[in-house]
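The primary structure of each chain is shown beneath.
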Amino acid sequence: MSGAIVVTHATKVIHGRVVLDDVTLTLPRGGIYGFSGINGSGKTMLFRAISGLIHLTSGQVDVFGQRIGVDVDFPRSLGLVLESAGFWDESTGLRNLTMLASIRGVAGEAEARAALARVGLAPDDDRPFSAYSMGMRQRLTIAQAIMEAPELLILDEPTNALDVDGVDMVARLISKERDRGCTVLVSCHNEPKVEALFDQTFRLYEGRLTEGEKR
């Protein structure tokens, strides 16, 4: 099967509990794909498997033609919002992004500044991360995910801690990322402006994936 992301019979068992149960799906390149389900349904675990952050008990994940855990440890071009991002408390938002960008060297200060502006943060704000509100922290987490213009963007509950303006920002950002050819995976709850952008929606329950609904 061809696709940007191909998950084949993915199963993950942790301490005897099945948290991913024989999940198979193919996602074409350049779409926005939504994932819904109650807490503990397997959404985050599926995102972790696609990101290369866990080893499956059985099954496999291929991203852009490369098998995760075999050909590469992680997808070659990935932006990720998943649980808590690790930032330096004493550094500004811009400094945090430039330090993260230096790891791969794909982005620099200009890209970091542009990412901050896109999420509604002032690039020259001299406050340290420790002084950020929860909403500002979430915006910075989104900024680090987009600053390298990744081919794959995975957003797990990106609207957490955001106000109405923040939700609008997320919707605009997701739409623009798709427009440039990025493949976007999103989980969120009851955010119509974001959910309206989904090309296909998948639901998980007790680690099982139901058939996706196309827009």
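The structure presented is a predicted model; accordingly, all values stated were derived computationally and were not measured. (Residues numbered from 1 in each chain as written. Predicted model: local features only at pLDDT ≥ 70, side-chain atom pairs only at ≥ 80, totals over all residues. Heavy atoms only, no water.)

S.K.: Help me understand the overall build of the protein in this model?
M.R.: Summing up its helical and strand segments, the protein has six helices and eleven strands in all. For 215 residues, the compact-globule estimate of 2.2 N^0.38 gives 17 Å, and the protein sits close to it at 17 Å. Seen along its three principal axes, the alpha-carbon backbone of the protein occupies a region of about 50 × 35 × 35 Å. When each of the 215 residues of the protein is scored for burial, the buried share is 50%. Here the analysis covers contacts within the protein between residues at least 6 apart in sequence; of these, 64% occur between residues at least 24 apart. Here the protein displays about 10,300 Å² of accessible surface, and carbon together with sulfur accounts for 49% of that area. (Helix = DSSP H or I, 4+ residues; strand = E, 2+ residues; numbered from the N terminus. Rg over C-alpha atoms; globule rule 2.2 N^0.38 Å. Buried < 20%, exposed > 50% of the residue type's maximum accessible area, 1.4 Å probe, protein only. Contact = heavy atoms within 4.5 Å. Areas by Shrake-Rupley, 256 points an atom, 1.4 Å probe, with all protein chains shown as cover.)

S.K.: In this structure, what is going on with the side chain of Asn-96? I would like to understand it.
M.R.: Counting through the fold element by element, Asn-96 comes out in helix H2 (residues 93-104). Apart from the residues lying within four places of it in its own chain, the contact partners of Asn-96 are Phe-87, Trp-88, Ser-91 and Phe-129.

S.K.: Could you clarify how one ought to interpret the packing of aromatic side chains in this entry?
M.R.: Geometrically, a pair of aromatic rings is defined through the distance of the ring centres and the angle of the planes. Here the structure, examined in full by the defined rule, presents four aromatic pairs. Here the aromatic rings of Phe-87 and Phe-129 are separated by 5.1 Å at their centres, their planes lie at 50°, and the arrangement is tilted. A residue pair is termed long-range when its members are at least 10 positions apart, and Phe-87 in the loop between strand S6 (78-81) and H2 and Phe-129 in the loop between helix H3 (109-118) and helix H4 (134-146) qualify at 42 residues. Here Phe-87 matches Phe-129 in class, with each residue buried. Through successive ring pairs, a cluster of aromatic residues spans Phe-35, Phe-47 and Phe-202. The ring of Phe-129 is capped by Arg-137, whose NZ or CZ atom sits 4.5 Å from the centre of that ring. (Phe/Tyr/Trp six-rings, centres within 6.5 Å; stacked < 30°, edge-to-face > 60°. Lys NZ or Arg CZ within 6 Å of the ring centre and 35° of its normal.)

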